[in-house]
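Residue-level structural notes
Below are the chains, spelled out letter by letter.
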Amino acid sequence: MKSFLEQYPSAKTEILKAAEVAGYLWQKGWAERNGGNITVNITELVDTDKLSAAPARGPATPIGMTLPHLKGTFFFCKGTNRRMRDLARNPMDNGSVIRILPDCASYEMIADNPVKPTSELPSHLAIHDDLLAKGSTYRAVIHTHPIDIVAMSHNKEFLVPGVLTHLLWSMIPETRAFCPKGLGIIPYQMPSSVKLAEETVKGLQEHDVVLWEKHGVVAIGNDALEAFDQVDVLSKSAQIYLQARSMGFVPDGMTDEAMNELKVAFNL
Ligand code: 13P
Ligand code: ZN
């Protein structure tokens, strides 16, 4: 039998982008052990009638939430406990394709291998559900553990809403321009929990990226590469701030006037 990637070349393109990003996350030092996860909504890129009838590779498993907009959808998901550096080389052995069942509350693995999806599936699928509800074109969600931004989340001052966004915007013009809705703060929640998923969806209504306090970030995009770019831009700003601090000074930051000028020029 043909492998999933051979059968669906458009889905293959998106899954290979996820694999490319997995490699970047490892190179960045953001993906220790199994750290982080990626999911991609591939529904529009597959034969949904055929895949609805495909044999399941394991039992139906509850998501923990009911997500009505996911009826009939299909996702590529990183496997739980799988390494990003392995996913980068071999996505279909370290991730799997799942279908959401008609109850919109459970899923089955269908291809290629029975690789159990990421433990953060509630957050990922709740975000995808919200994106579909809004008619968004975004199809990729990534969660990763950037050292710089996570380190900053250990300081209460930075957790005051708006403070970290303003600081990171002010480090370099690109961050103001390419992350216009900024970084939302989600106070610490148990990893993998439904509460974390609910707070994450709320945070992404108003921000480009959210920060899970003392844990990591979640970003969205049309594809995995775009979602990665969002985190990369914020991390660049965090790096500039930390480099300045380690050189012994507090960086001035761009003025509010300069940032407003960008807002007007880029129609942000
Ligand atoms: P998984 O290996 O289940 O994807 O978990 C990694 C992680 O980062 C949890 O927050
Ligand atoms: Zn994590």
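Above this text is the structure in question.
On a predicted model such as this, the values are computed, not experimentally measured, just so you know. (Residues numbered from 1 in each chain as written. Chains lettered and ligands numbered in written order. Predicted model: local features only at pLDDT ≥ 70, side-chain atom pairs only at ≥ 80, totals over all residues. Heavy atoms only, no water.)

Within soluble globular proteins, side chains that are nonpolar tend to cluster in buried spots. Membership of the largest hydrophobic core comes to 47 residues, with the highest contact counts inside it found for Phe4 and Ile38. Looking at this core element by element, the count peaks at 7 residues for helix α10 (residues 224-246). Membership of the second largest hydrophobic core comes to 25 residues, among which are Leu67, Leu196, Ala197 and Leu204. (Core = buried A, V, L, I, M, F, W, Y, C linked by side-chain atoms within 4.5 Å. Buried < 20%, exposed > 50% of the residue type's maximum accessible area, 1.4 Å probe, protein only. Helix = DSSP H or I, 4+ residues; strand = E, 2+ residues; numbered from the N terminus.)

In the neighbourhood of ligand 1, 13 residues make up the surrounding shell, with Asn34, Thr80, Thr118, Ser119 and Glu120 lying closest. In the environment of ligand 1, an oxygen atom lies 2.8 Å from a nitrogen or oxygen atom belonging to the backbone of asparagine 81. One of the side-chain nitrogen or oxygen atoms of histidine 143 is found 3.3 Å away from an oxygen atom of ligand 1. Within the complex, 92% of the 310 Å² of free accessible area of ligand 1 lies under protein. Considering only residue class, the shell around ligand 1 consists of no nonpolar, 11 polar and 2 charged. (Near = heavy atom within 4 Å. Polar contact = N/O pair within 3.5 Å; in protein donor to acceptor, adjacent residues only side chain to side chain. Areas by Shrake-Rupley, 256 points an atom, 1.4 Å probe, with all protein chains shown as cover. Nonpolar A, V, L, I, M, F, W, Y, C, P; charged D, E, K, R; others polar.)

Attention now moves to the coordination of the zinc ion (ligand 2). Taken together, His143 (NE2), His145 (NE2) and His215 (NE2) make up the protein donors of the zinc ion (ligand 2), found 2.1 Å from the metal. For the zinc ion (ligand 2), the donor residues sit on a single chain with the sequence spacing H-x1-H-x69-H. Highlighted residues: histidine 143 in strand β6 (residues 140-144) and histidine 215 in the loop between β8 (209-212) and β9 (216-221), separated in sequence by 72 residues. The burial state of histidine 143 is the same as that of histidine 215; both residues are buried. (Donors = N, O, S within 2.8 Å, 3.2 Å for Na, K, Ca; no water.)

A few words now on the environment of aspartate 232. On the secondary structure map, aspartate 232 appears in helix α10. The spacing of aspartate 232 and proline 146 is 86 residues in sequence and 8.9 Å in space, taken between C-alpha atoms. Residue contacts for aspartate 232: discarding those within four places in its chain leaves Lys28 and Trp30. Polar contacts involving the side chain of aspartate 232 include one to the side chain of lysine 28, which spans 2.8 Å. (Contact = heavy atoms within 4.5 Å.)

What follows is about helix α5 (residues 121-134). In this model, α5 (14 residues) spans 20 Å end to end at C-alpha, consistent with the 20 Å of a helix rising 1.5 Å per residue. α5 sits mainly inside the fold: 11 of its 14 residues count as buried. Inspection of α5 places Leu121, Pro122, Ser123, His124, Leu125, Ala126, Ile127, His128, Asp129, Asp130 and Leu131 among the buried residues, and these make up the whole buried set. Backbone geometry just downstream of α5 places glycine 135 in the positive-phi region, at approximately 75°. (Expected span 1.5 Å × (residues − 1).)

Let us look at the pattern of salt bridges. Applying the stated criterion across every chain, the model contains 11 salt bridges. For lysine 17, the salt bridge identified is with aspartate 223, shortest N-O distance 3.0 Å. Of this pair, lysine 17 sits in helix α2 (residues 9-28) while aspartate 223 sits in the loop between β9 and α10, and the two are 206 residues apart along the sequence. Neither residue differs from the other here; lysine 17 and aspartate 223 are each classed as buried. Residues arginine 99 and glutamate 108 are paired through a salt bridge, measuring 2.7 Å at the closest nitrogen-oxygen approach. Neither arginine 99 nor glutamate 108 differs from the other in exposure class; each is buried. One continuous salt-bridge network, built from bridges that share partners, spans Glu14, Lys17 and Asp223. (Salt bridge = Lys/Arg side-chain N within 4 Å of Asp/Glu carboxyl O.)

Looking now at the state of the cysteines. Applying the stated rule across the entire model yields 0 disulfides. Free cysteine cysteine 104: the closest other cysteine sulfur is in cysteine 77, separated by 16 Å. Classification of cysteine 104 as buried rests on a relative accessible area of 6%. (Disulfide = S-S within 2.5 Å.)

For the rest of this paragraph, the subject is the sheet that holds β6. Sheet strands pair via backbone hydrogen bonds, and the direction of the pair is either parallel or antiparallel. Taking strand neighbours across the sheet as the criterion, the 9 strands line up as β2-β5-β4-β3-β1-β6-β9-β8-β7 in an open arrangement whose pairing is mixed. Two strands in the sheet have a free side with no partner beyond their single neighbour: β2 (61-62) and β7 (183-186). In terms of strand pairing, β8 meets β9 through 4 bridges, oriented antiparallel. Bridge assignment links valine 210 to a residue of β9, and that residue is valine 218. Here helix α9 (residues 194-206) sits on the sheet in contact with β7, β8 and β9, set at roughly 145° to β8. Sheet strands touched by α10: β1 (37-41), β6, β7, β8 and β9. Its angle to β9, the strand with the most contacts, is close to 135°. (Pairing = 2+ DSSP bridges. Axes fitted to C-alpha atoms, helices over the stretch in contact; angles between N-to-C directions.)

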